[in-house]
Amino acid sequence: MSNRTFEYRLNPTKSQIQEIENMLWETKCIYNRALEQKINHYKETGEYLNLFVQDKDYNIKTCPNVPSVLVDTTLARMEQSFKNFFRGLKEGKKVGFPRFQSIKRWSSFKFRDYTMGKLLEKEGQWYWKLFRTTAIRVNLHREFVGTPKYTQLVKKADGYYVQLIVELPEVEAKPVDNSSKAIGLDVGIKWFVADSEGNKIKSPKYFRANAWKLAHNQRLMSKLKKGGKNRDKKRKILAKLHQKVSRQRKDFVHKVSSHYAKNYDVVCVEKLNIKGMVKNHCLALSINDSAWGLLFQLLEYKLQTLAKSFIQVEAKYTSQICPRCGAVAKKSLSQRTHYCPECLYTDDRDVASGHVILARGLRSIGLVRAFGESATIVETLNQEASIALA
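What counts and what doesn't
Residue positions are given per chain, counting from 1 as you read along its sequence in written order. The model is predicted, so local features are restricted to residues of pLDDT at least 70 and side-chain atom pairs to those at 80 or more, both for listing and for counting; the totals for chains, interfaces and linings are taken over all residues. Calculation of side-chain values draws on the structure's entire complement of heavy atoms; hydrogens and water are dropped beforehand. Stacked, tilted and edge-to-face pairs are distinguished by plane angle, under 30 degrees for stacked and over 60 for edge-to-face with tilted covering the rest, among Phe, Tyr and Trp rings (Trp via its six-membered ring) whose centres lie within 6.5 Å. Per the convention used, a helix needs a DSSP run of H or I reaching at least four residues, while a strand needs a run of E reaching at least two, with both numbered from the N terminus. Lysine NZ or arginine CZ positioned within 6 Å of the ring centre and within 35 degrees of the ring normal marks a charge as sitting over the ring. Residue burial is assigned from relative accessible area. The probe radius is 1.4 Å, only protein chains are included, and a residue is buried under 20% of its type maximum, exposed over 50%, and partly exposed in between. Charged residues are defined here as Lys and Arg on the positive side and Asp and Glu on the negative side; His and the ends of the chain fall outside this count. Here, a salt bridge means any side-chain nitrogen of Lys or Arg that lies within 4 Å of a carboxyl oxygen of Asp or Glu. We define a polar contact as two N or O atoms separated by no more than 3.5 Å, with the added condition that, inside protein, one atom must be a possible hydrogen donor and the other a possible acceptor, whereas residues neighbouring each other in sequence contribute only through side-chain atom pairs. A contact between two residues is defined here by any heavy atoms of the two lying within 4.5 Å. At least two bridges found by DSSP between two strands are what make those strands a pair. Known as pLDDT, the predictor's per-residue confidence is scaled from 0 to 100. Note that a disulfide, as used here, is simply two cysteine sulfur atoms within 2.5 Å. We define the nonpolar core as a collection of buried residues of types Ala, Val, Leu, Ile, Met, Phe, Trp, Tyr and Cys that are connected through side-chain atoms lying within 4.5 Å of one another. What counts as an axis is a line fitted to C-alpha atoms, over the stretch in contact for a helix, and the angles between N-to-C directions run from 0 to 180 degrees.

Visitor: Any details on the packing of aromatic side chains? Residues and values, ideally.
Guide: For the structure shown, the criterion picks out 12 aromatic pairs. A ring pair is formed by Trp126 and Phe144, whose centres lie 6.2 Å apart and whose planes are at 75°; its orientation type is edge-to-face. Placement of the pair is Trp126 in strand 4 (residues 125–131) and Phe144 in the loop between strand 5 (134–139) and strand 6 (147–156), with a sequence separation of 18 residues. Feature note: the residues Tyr48, Phe82, Phe85, Phe86 and Phe97 constitute an aromatic cluster, connected by ring pairs. A cation over a ring is seen here: Lys28 above Trp25, with NZ or CZ 3.7 Å from the ring centre. If you follow Lys38 out to its NZ or CZ, it ends over the ring of Phe82, 5.6 Å from the centre.

Set out below in structure tokens:
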């Protein structure tokens, strides 16, 4: 089973907005109070305060304005932050200790299951049943599928949204053979995607396109008094600009991923260590603006839904190997044309990488590609490439 999230915009009245804001404030206070209780308990006893012990201190007397289900999910959210913290320490990662939340950082709350917070239809209009007496109008722009699990409210720069998490059954991928339509994708900074068929999609670079406007508003906000109304107004304008950039990028990636998911049976991509790549401060902004990780994520779930195959292959030397003969053709990052001195094959560097990625992907599922690396060369590929690139 897999989960999927459907997000719908809410159209609350003024009184409903006030009710939502009050609930965000109350759940934020519960989170901070529980965090303080855990810290003090550890200082006094040297032991970790368990969630089930702590939960007994939060009831209708201590939290009269909050439904019990929101109290439970807020405490569970705080407990999960500690689990993430301890897991990061165990894995040797640099992680931050759970922090106290301000109302500006606290923007959501969720229900435990679908017995509360249901989406209901009445006379052609959909409503989100927040509480017994509160039903908020929902702009249900698309129908949801699957079994609803729970809902959660999210506050964004341009309003309030309800997210419905549903459970979908696993779809078994169709068997792949030599007649299946397959393609290899190579991602980059200048060209967002270059595929093995020679098609190239230029990266739109939405953040860089809006960088001046973002910087201008950031400078204006920095000159305003902290805590003032004008600074808060400018902060909201800046948040909407960032949201616009994020939505432009996501819309673009959705269109690209939908194109490949609909038209191909097998899509092969590189398995990139994006977190490690962004440590290069010269390329970090461009890599994050390209949203490669989002592309892989959307491709995987769309292909899975259509019973198609998504394959990730090792990224090592995909740009240094000739897709025709398998020989190593060493080249610098600035060299954008692939030229093989062995077989004299010439092609665009990114397109040639797409061919190599496709050949590796098909070979990983037992298929051999007519135009690509030979099986005998692949067996000694890493050894030869290491020697040539040393």
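Still more to cover.
Visitor: An account of the environment of Pro341 is requested, with residue identities and associated values reported.
Guide: Looking at where Pro341 falls in the secondary structure, it is placed in the loop between strand 13 (337–339) and strand 14 (346–348). Overall, the relative accessible area of 51% leaves Pro341 in the exposed class. C-alpha of Pro341 to C-alpha of Glu197: the two residues are 144 residues apart in sequence and 23 Å apart in space.

Visitor: Lay out the side chain of Lys308 in plain terms, naming residues and giving numbers.
Guide: Residue placement: Lys308 occurs in the loop between helix 9 (292–305) and strand 12 (309–314). Buried within the structure, Lys308 lacks any salt-bridge partner; its nearest side chain of opposite charge belongs to Asp265, at an N-O separation of 4.3 Å. There is a polar contact of 3.2 Å between the side chain of Lys308 and the backbone oxygen of Lys262. If near-sequence neighbours (up to four positions away) are discounted, Lys308 is found in contact with Ala173, Ala261, Lys262, Asn263, Tyr264, Asp265 and Leu303.

Visitor: I'd like to hear about the pairing of strand 3 (residues 119–122), residue by residue, with values.
Guide: Consecutive side chains along a regular strand alternate between the two faces of the sheet. Pairing geometry for strand 3 and strand 4, over four bridges, is antiparallel. Of the residues in strand 4, the one forming a bridge with Leu120 is Tyr127. Hairpin connection from strand 3 to strand 4: two residues lie between these consecutive antiparallel strands, with Glu123 at a positive phi of about 55°.

Visitor: Break down the confidence of the model for the protein for me, citing the residues and quoting the values.
Guide: Chain-level pLDDT for the protein is 88 on average; 94% of the residues reach the 70-or-more range. Within the model, the stretch residues 372–390 combines pLDDT values under 50 with 31 contacts to residues more than four positions away or in other chains.

Visitor: Explain the state of the cysteines to me, using residue names and the numbers behind them.
Guide: Disulfides are covalent bonds that link the sulfur atoms of two cysteine residues. Per the stated rule, a full pass over the model turns up zero disulfides. Free cysteine Cys268: the closest other cysteine sulfur is in Cys322, separated by 18 Å. Sulfur of Cys343: no disulfide; nearest cysteine sulfur belongs to Cys322 and is 3.6 Å away. For Cys343, a relative accessible area of 25% puts it in the partly exposed group.

Visitor: Which residues make up the nonpolar core, and what are the values?
Guide: Core analysis: the biggest nonpolar cluster contains 37 residues, and Leu119 and Trp128 have the highest contact counts within it. When residues of this core are traced back to their parent elements, those giving at least two are strand 1 (2–11), helix 1 (14–45), helix 3 (68–90), strand 4, strand 5 and strand 7 (159–168). At seven residues, helix 1 tops the list of elements feeding residues into this core. Of all hydrophobic cores here, the second largest spans 22 residues; its members include Val187, Ala261, Leu295 and Leu303.

Visitor: Report on unusual backbone geometry, specifying residues and quantitative values.
Guide: Backbone geometry places Glu123, a non-glycine residue, at a positive phi of 55°. A residue is classified by how much of its surface remains accessible, and Glu123, at 80% relative accessible area, is exposed. Look at Tyr317: it is not a glycine, yet its phi comes out positive at around 65°. Mapped onto the elements, Tyr317 comes out in the loop between strand 12 and strand 13.

Visitor: Before we move on, can you summarise the sheet that holds strand 11 (residues 266–271) with the specific residues and values?
Guide: The strand order across the open sheet built from five strands is 10-9-8-11-12, with neighbouring strands paired in mixed fashion. The open sheet terminates on both sides in strands that have one partner only, identified here as strand 10 (200–202) and strand 12. Strand-to-strand twist in this sheet, taken as the mean axis angle between neighbours without regard to direction, amounts to 25°. In the sheet, strand 11 pairs with strand 12 via six bridges, with the strands oriented parallel. Residue Val267 lies in a different strand from strand 12, and its bridge partner there is Phe310.

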